[in-house]
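Summary of structural features
Take a look at the letters that make up each chain.
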Amino acid sequence: MAKFDIIAATGCPTGIAHTFMAKEALEKAAAERGLTIKVETHGQVGVENELTKGEIAGAKAVVVAADKDVQAERFAGKPMVSVGVSKALSVEAAGKLIDRALAAKGDDTVAAAADVEDEVEEKESIGHVIYKHLMNGVSHMLVFVVAGGVLTAISFLWGITSFDSTAADYNSFAAMLKIIGGIAMNLMVPVLSAYIAESIGKRPALVPGFVAGMIAIQGLPVNADTGMIDAGGSGVGFGFLGGIVGGFLAGYVILLLEKVFSKIPASLNGLKAIFLYPLCSTAIVGLVMLGISGPMAAINQGMMDFLQSLGNSGPVILGLAIGCMCAFDMGGPVNKAAYATGTFLLGTALEAGVGTETYNFGTNFMAAVSAACIVPPLITTFAVVVGKKYFSQEDHDAGIVNLILGCTHITEGAIPFMTKNIWPVMPIMMLGSSIASILTIFFNVHDPAPHGGFLVLPVVENGPQWVLAILIGAVVGGILFVAFKKYDFEKNQKAAPAAKPTEAPKAAAVEAPKAEASDFVKVENVFVAEDFASRDEALSFVSNQAVKAGIAGDADAVMNAFLAREAEGTTGMMEGFAIPHAKSDAITEAAVIVVKDDSGVTGWDTMDGAPVNVAIALLIPGAQAGTTHLKILSKVAEALMDEDFRATVKGSTDAAEIAKTINARLV
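Cut-offs and rules
- Residues numbered from 1 in each chain as written.
- Predicted model: local features only at pLDDT ≥ 70, side-chain atom pairs only at ≥ 80, totals over all residues.
- Heavy atoms only, no water.
- Helix = DSSP H or I, 4+ residues; strand = E, 2+ residues; numbered from the N terminus.
- Buried < 20%, exposed > 50% of the residue type's maximum accessible area, 1.4 Å probe, protein only.
- Contact = heavy atoms within 4.5 Å.
- Areas by Shrake-Rupley, 256 points an atom, 1.4 Å probe, with all protein chains shown as cover.
- Axes fitted to C-alpha atoms, helices over the stretch in contact; angles between N-to-C directions.
- Left-handed = near helix turned anticlockwise from the far one by under 90°.
- Nonpolar A, V, L, I, M, F, W, Y, C, P; charged D, E, K, R; others polar.
- Salt bridge = Lys/Arg side-chain N within 4 Å of Asp/Glu carboxyl O.
- pLDDT = per-residue confidence, 0-100.
- Pairing = 2+ DSSP bridges.
- Core = buried A, V, L, I, M, F, W, Y, C linked by side-chain atoms within 4.5 Å.
- Polar contact = N/O pair within 3.5 Å; in protein donor to acceptor, adjacent residues only side chain to side chain.
- Expected span 1.5 Å × (residues − 1).
- Bend = angle between axes of the 7 residues up to and from the residue.

Moving on, we get to the overall build of the protein chain. Along the backbone of the protein chain there are 24 helices and 10 strands. When burial is assessed residue by residue, the protein chain has 50% of its 667 residues classed as buried. The long-range fraction of contacts in the protein chain, counting pairs at least 24 apart against all pairs at least 6 apart in sequence, stands at 71%. When the accessible surface of the protein chain is totalled, it reaches about 28800 Å², and 63% of it is carbon and sulfur.

What follows is the structure, encoded as structure tokens:
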């Protein structure tokens, strides 16, 4: 049986993009470190590349990057790091997670620091725990919404009232499609509730979860004549919001019952699973859900009224809110909140029926959400085609692929572009999405299908106007994106000193430095006994020294590159080390500058919260961002895993010894 140094599990609510982006990033990061890895994915098609018990037992460490339940209890006792899937979308971020997982094993000091960090993270991540349970329900619910919504939408091709046997446009096949689609849509809330509960209480929570979801859509039945609770009466449902409340209630009731029944002999575990848990949990959850049906229905109606009021405020306010939410994190929690709200309103709309005010508002809202989700990838496509020379070949290829992703309502393809320059790319994406949403509402577009992008155009009312709204948003955003890349490109061009014709051979040598590894870190580029008041002061010092040493031509450009990298995620490691790195065309040759501050640089975020004593700064020409950069970074990262290396560099005051120690690890 194959053994792996690292095992990992990834999963996102929709299981379409984030899941596999994280998998790829983890695999690349592991390869850079010379480690073997197996990544289990929890996508929309189910679990793939599933980890076996032997592989789990044989692994050195575990990385969980998921916003849904991936059965992390399987890894109990293993050194493990658990974060949201968005924390592992780049190779550098994934590498840090691997380093953290490995650091949790062995060294007592590191283990103690990791324990403290885990305690802090546990207190701070209650919101993430709740989000993970919620998204487990949403991920299972989405497929019902998509199937039911699209089938219902297709039935409208025969006529808006083609399902009605008394209508002139009646069609029996359309009526059957409407019935099937309606059943799938009606399962939306029970499935949501059940799988929120399952994420918390595992399989026993499914029964009370489904029951809670059914109560949420039916409400408390009351006899219209007597005004009393009556199983034959009718109630007011409290839908989507009730399903969420019911799911959490069912899950935590199961956890409570597990404690209550913990004293029962193990020989009666079968009785607990098949009788006590389902009976007691269903009774408790059912009574509570029926008891709160009145207040929950009022809250649900209040939320609907609020959303309607946004619509009444005009297309600008509502479209701006939808566009900004959908493009803010492109598949993350804020985006999912907007999309989940859209699917909820769509379900309510389809239930209300064509021609009603509820139908018109819900399908118009869904069309605006879909438009906002489609625009960001199309912005990148427009930008890499129109401003090709300002993008790397890798970005250009990704932008072309995003044409397909965008047209099929997959927003996540734009994430790599945003993470490289959160400012101003995120605002540009939000503006483009908002324009598309506002115009969609203004054009009175109605989309009865919750997903599919342009594939569902045949069932979209005012489809041509919808496409026009999306294209306008994409073009405006694309023009702004190209303008930013052009400005950034020209700034870096001016910053980089023009090479003399006679220096061409030297420029060629930059791609792969010809100097011996033992000379790569020069003694004159090692600065000991420095005293920095902050991270930025230390990085500014390095930037200026790079110019003095002839490594770079513009200290400000180098400083900006350092800060841009820090904005993506801190380079502070553990035990007083940091590995800041700048990639810029202002840098003319790859180099390493080392600075030491024995008193410690405060305000530099590190994995263990300790101040930085040693910063091993990497300076890489822009052209070598994917070659020399990764090679040096991986070598330094590997070296920091070595206790002897850390002790020598941190303890020495001899610049020559420090340079020699680092050079030895760059061979």
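Now, onward.
As for its placement among the helices and strands, Asp5 is situated in the segment before β1 (6-11). Leaving out residues up to four positions away in the same chain, Asp5 has contacts with Gly34, Leu35, Thr36, Ala59, Lys60 and Ala61.

Axis separation between helix α14 (residues 357-386) and helix α17 (residues 422-442) bottoms out at 8 Å; the angle between their running directions is 145 degrees. Regarding α14 and α17, the two cross each other, and that crossing is right-handed. Along the contact surface, α14 presents Asn364, Ala367, Ala368, Ala371, Ala372, Val375, Pro376, Ile379 and Thr380, while α17 presents Ile428, Met429, Gly432, Ser433, Ala436, Ser437, Thr440 and Ile441. Among the residues forming the contact of α14 with α17, the class breakdown is 11 nonpolar, 6 polar and no charged.

A word on the pattern of salt bridges. Scanning the model with the defined rule gives 15 salt bridges in all. Across the salt bridge formed by Asp5 and Lys60, the nearest N and O atoms sit 3.4 Å from each other. With Asp5 in the segment before β1 and Lys60 in the loop between α2 (53-58) and β4 (61-66), the pair connects residues that are 55 residues apart, well separated along the chain. Its relative accessible area of 16% is what places Asp5 among the buried residues. Take Lys60: its relative accessible area is 41%, and that puts it in the partly exposed class. With a shortest N-O distance of 2.9 Å, Asp99 and Arg33 are connected by a salt bridge. Pair noted here: Asp99 is in helix α3 (residues 91-103) and Arg33 is in the loop between α1 (18-32) and β2 (37-43), with a separation of 66 residues, a long-range link.

So, on to the confidence of the model for the protein chain. Summary statistics for the protein chain give a mean pLDDT of 84 and a share of 90% for residues scoring 70 or more. For the stretch residues 106-124, pLDDT sits under 50, and the model shows 12 contacts to residues farther than four places along the chain or on other chains. Here residues 497-518 is a poorly scored stretch, pLDDT under 50, and it has 16 contacts once near neighbours within four places are set aside; other chains count.

This part is about the sheet that holds strand β5 (residues 80-83). Spatial strand order, β3-β2-β1-β4-β5: 5 strands in an open sheet with mixed pairing. Strand pairing shows two members of the sheet lacking a second neighbour, β3 (46-48) and β5, which therefore form its edges. On average, each strand axis in the sheet is inclined to that of its neighbour by 10 degrees, with strand direction left out of account. Relative to β4, β1 runs parallel, the two sharing 6 bridges. When the bridges of β4 are listed, Thr10 appears paired with Ala65. On the sheet, α1 packs against β1, β2, β3 and β4 and is oriented at approximately 175 degrees with respect to β2.

This part takes up unusual backbone geometry. For the bond running from Trp423 to Pro424, omega is 10 degrees, close enough to zero to count as cis. Mapped onto the elements, Pro424 comes out in helix α17. If you check the backbone angles, His409 has positive phi at about 70 degrees while not being a glycine. For His409, the position within the fold is in the loop between α15 (393-407) and α16 (415-420). The exposure class assigned to His409 is buried, which follows from its relative accessible area of 6%. The residue Ala529 is not glycine, and still its phi comes out positive at about 60 degrees. Mapped onto the secondary structure, Ala529 falls in the loop between β6 (526-527) and α20 (535-548).

Quick look at the nonpolar core now. Grouped together as the largest cluster of nonpolar side chains are 58 residues, with contacts concentrated most on Ile6, Leu26, Val63, Ile98, Trp466 and Phe481. Here the element with the most residues in this core is α14; it accounts for 8 residues. Apart from the residues lying within four places of it in its own chain, the contact partners of Ile98 are Ile6, Leu26, Ala29, Ala30, Arg33, Leu35, Ile37 and Val63. Counting residues in each nonpolar core, the second largest holds 56 residues, with Tyr131, Ala205, Ile254 and Leu307 among its members.

Structurally, His42 is set in strand β2. With relative accessibility at 4%, the residue His42 sits in the buried group. Looking at His42, its side chain comes within polar contact range of the side chain of Glu40, at 2.6 Å.

In this model, helix α5 (residues 126-155) (30 residues) spans 43 Å end to end at C-alpha, consistent with the 44 Å of a helix rising 1.5 Å per residue. Taken as a whole, α5 carries its principal kink of about 30 degrees at Met141.

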